[in-house]
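Structure assessment
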Amino acid sequence: MSAKAQQPADLLVAKAADRTALIGVVGLGYVGLPLALEFVRAGYRVVGFDVKSATVEALNQGRSHIQDVPVQSLAAAVRAGTFAATSDLSRLKEPDVISICVPTPLSKTKDPDVSYVLAATNSVKQTLRRGQLVVLESTTYPGTTRELMLPALESTGLNVGKDFFLAFSPERVDPGNPAWNTRNTPKVVGGITPECLRVAVAIYQPAIERLVAVSSTEAAELVKILENTFRSVNIGLVNEMAIVCDKLGVDVWEVIDAAATKPFGFMKFTPGPGVGGHCIPLDPHYLAWKMRTLNYRTRFIELAGEINAEMPEYWVGCVVDRLNEQGRAARGSRLLVVGVAYKKDIDDVRESPALDVIRLLQRRGAAVSYHDPHVPRLKDEDIDLASLPLTSESLAAADCVIIVTDHSDVDYALVERCARQVVDTRNALAAVRRRREEP
Ligand SMILES: NC(=O)c1ccc[n+]([C@@H]2O[C@H](COP(=O)([O-])OP(=O)(O)OC[C@H]3O[C@@H](n4cnc5c(N)ncnc54)[C@H](O)[C@@H]3O)[C@@H](O)[C@H]2O)c1
């Protein structure tokens, strides 16, 4: 090896080329586990770190808790010794690369809660050594990597860009999406220094089909927030359009589908019960908070957030109207919610608008049950329900059925046939009607 190749940056680039770099992934959830297995697929050996010992134990037995990570590929990696999980964070000194994929939730007052990022950074700091690359993947406000992580890591006496490397690379995984996954979704990377960027790109290149380098960690942090703010604002717009159309007596779906025939300058978004998951309802607030510290109010973010958050109330109003048409009150009515995950074909109920819909209906005195093929049990604070089978009896027993999530494996023809009243927040019955009208 030449003298140049002895430098930490060149050594890491060389270890990427021959895959001898040991990769550490901190936080083995929806983001960390698929990423870990992409590194394995690329030929690296991976150690996964998680503070939940039950998660670690299950993973080491080849059991995946993430729907998008097939048990077979996890089990094969565990058997081959290319993936192992641990909750022993002192082992963070072993990997050459540490990807941090811990949660970034909001506090009760909707301020960023970076406590998980700080805790993970602190663990990395305890054992930071020359030649390590640290990459933050968690979605966060611009400045987190440089303002929070860098000072902590440099307090060890090691210098960024020379002794160790620090980058931000936002995860874009879309759970349940059969076409786009961690590997084939282009990945944005920004480094604290050009050397940090060079090393991070070299390490990720074998695992990810296309890397998009940007000039700073702040730019990379903002890319992710722009993407999710873009979605939040556009969903807010079509949600408002749904209310507008309702008041005008126009079918919003017909309007959107016709608008979407324009081959340029229009992008189709669809209305629904609100937004859920740990990205769209949360991420824009990270930027809004950061901008408040600079005395700037991000009005688009606030407005879209308000409209999206009010959608459950709007749909509950529609349910009450339907009950009224039958001469019934909400109090004492029997209601069936179809789909409680925050979006179709996944089992994640975090921030799901279905939770708000159920609570709002229960508060009005209705007896609410639900069916979701992906969520056998729904537990969230005061809600504790089990999924009912979707049968002609369970449908007919409900005074109104509310379709909140349009999972693919639900028999919507049965819903249409057997339900007395349906409030369809996703236009899921349209396909049934189209099929019926086909010659
Ligand atoms: N879920 C998504 O679809 C998605 C998509 C893109 C980006 N993100 C972002 O990625 C980040 C992670 O999200 P997620 O959905 O994977 O979260 P998750 O809750 O599914 O997983 C996070 C894991 O980190 C572990 N953890 C927490 N603190 C830790 C610590 N100090 N050390 C080690 N492990 C720790 C938790 O036990 C958990 O298993 C968040 O910032 C999120 O906003 C999520």
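Source: prediction; values computed, not measured. (Residues numbered from 1 in each chain as written. Predicted model: local features only at pLDDT ≥ 70, side-chain atom pairs only at ≥ 80, totals over all residues. Heavy atoms only, no water.)

1. Some thoughts on the overall build of the protein
What the protein contains, in helices and strands, is 15 helices and 14 strands. Relative to the 2.2 N^0.38 estimate, which gives 22 Å for 439 residues, the radius of gyration of the protein is 24 Å and therefore close to what a compact globule would have. For the protein, with 439 residues in total, the buried portion stands at 52%. For the protein, contacts bridging at least 24 residues in sequence account for 69% of all contacts bridging at least 6. Carbon and sulfur atoms make up 54% of the accessible area of the protein, which totals about 20,200 Å². Positive and negative side-chain charges in the protein, numbering 50 and 53 respectively, have mean positions lying 3 Å apart. (Helix = DSSP H or I, 4+ residues; strand = E, 2+ residues; numbered from the N terminus. Rg over C-alpha atoms; globule rule 2.2 N^0.38 Å. Buried < 20%, exposed > 50% of the residue type's maximum accessible area, 1.4 Å probe, protein only. Contact = heavy atoms within 4.5 Å. Areas by Shrake-Rupley, 256 points an atom, 1.4 Å probe, with all protein chains shown as cover. Lys, Arg positive; Asp, Glu negative; His and termini not counted. Charge placed at Lys NZ, Arg CZ, Asp CG, Glu CD.)

2. Let's talk about the pairing of strand β10 (residues 367–371)
As defined by bridge partners, strand β9 (residues 334–338) adjoins β10 across 5 bridges and the pair is classed as parallel. Bridge pairing in β10 places L336 opposite S369. In terms of handedness, the path from β9 via helix α12 (residues 353–363) over to β10 forms a crossover that is right-handed. (Pairing = 2+ DSSP bridges. Right-handed = clockwise from strand over helix to strand, strands pointing away.)

3. Some points on the sheet that holds strand β5 (residues 133–136)
If you walk across this open sheet you meet the 8 strands as β3-β2-β1-β4-β5-β6-β7-β8, and the pairing is mixed. In this open sheet, the two strands that pair with only one neighbour each are β3 (83–86) and β8 (211–214). Across this sheet, the average inter-strand angle for adjacent strands is 25°, counted without regard to direction. Sheet topology note: the β5/strand β6 (residues 165–168) ladder contains 4 bridges and is parallel. Opposite V135, over in β6, you have A167 as the bridge partner. Helix-sheet contacts for helix α6 (residues 144–154) involve β4 (97–100), β5 and β6, and the interaxial angle to β6 is about 155°. (Axes fitted to C-alpha atoms, helices over the stretch in contact; angles between N-to-C directions.)

4. Overview of the packing of α6 against helix α8 (residues 217–248)
Following both chains from N to C, one finds α6 and α8 inclined at 125°, their axes separated by 8 Å at the closest point. By the angle class used here, α6 and α8 are oblique. The residues of α8 that touch α6, namely those facing T144, T145 and R146, are T217, E218 and E221. Here the contact of α6 with α8 is composed, by residue class, of no nonpolar, 3 polar and 3 charged. (Parallel < 35°, antiparallel > 145°, perpendicular 65-115°, else oblique. Nonpolar A, V, L, I, M, F, W, Y, C, P; charged D, E, K, R; others polar.)

5. Re the site of the ligand
Neighbouring the ligand are 26 residues; Y30, V31, D50, T104 and T139 lie closest to it. Separating an oxygen atom of the ligand from a backbone N or O atom of V102 is a distance of 3.5 Å. One of the side-chain N or O atoms of T104 is found 2.5 Å from an oxygen atom in the ligand. A total of 830 Å² of accessible area belongs to the ligand in isolation, and the protein chains cover 93% of it. The leading source of residues in the shell around the ligand is helix α5 (residues 115–127), at 3 residues. Its residues assigned to classes, the shell around the ligand shows 15 nonpolar, 6 polar and 5 charged. (Near = heavy atom within 4 Å. Polar contact = N/O pair within 3.5 Å; in protein donor to acceptor, adjacent residues only side chain to side chain.)

6. Looking at the pairing of strand β12 (residues 383–386)
The two faces of β12 differ: I383 and L385 on one face are buried, but D384 and A386 on the other face are not. Remark: 2 residues form the turn of the hairpin made by strand β11 (residues 377–380) and β12, two consecutive strands paired antiparallel; E381 in that turn has positive phi of roughly 50°.

7. Quick word on helix α7 (residues 194–204)
Most of α7 is tucked away: 8 of the 11 residues are buried. Where α7 is concerned, the buried positions are C196, L197, V199, A200, V201, A202, I203 and Y204.

8. A word on the side chain of E221
With respect to the secondary-structure elements, E221 resides in helix α8. Despite being buried, E221 has no salt bridge partner; R146 is the closest side chain of opposite charge, sitting 7.2 Å away. Of note is the side chain of E221, whose polar atom sits 2.5 Å from the side chain of T145. (Salt bridge = Lys/Arg side-chain N within 4 Å of Asp/Glu carboxyl O.)

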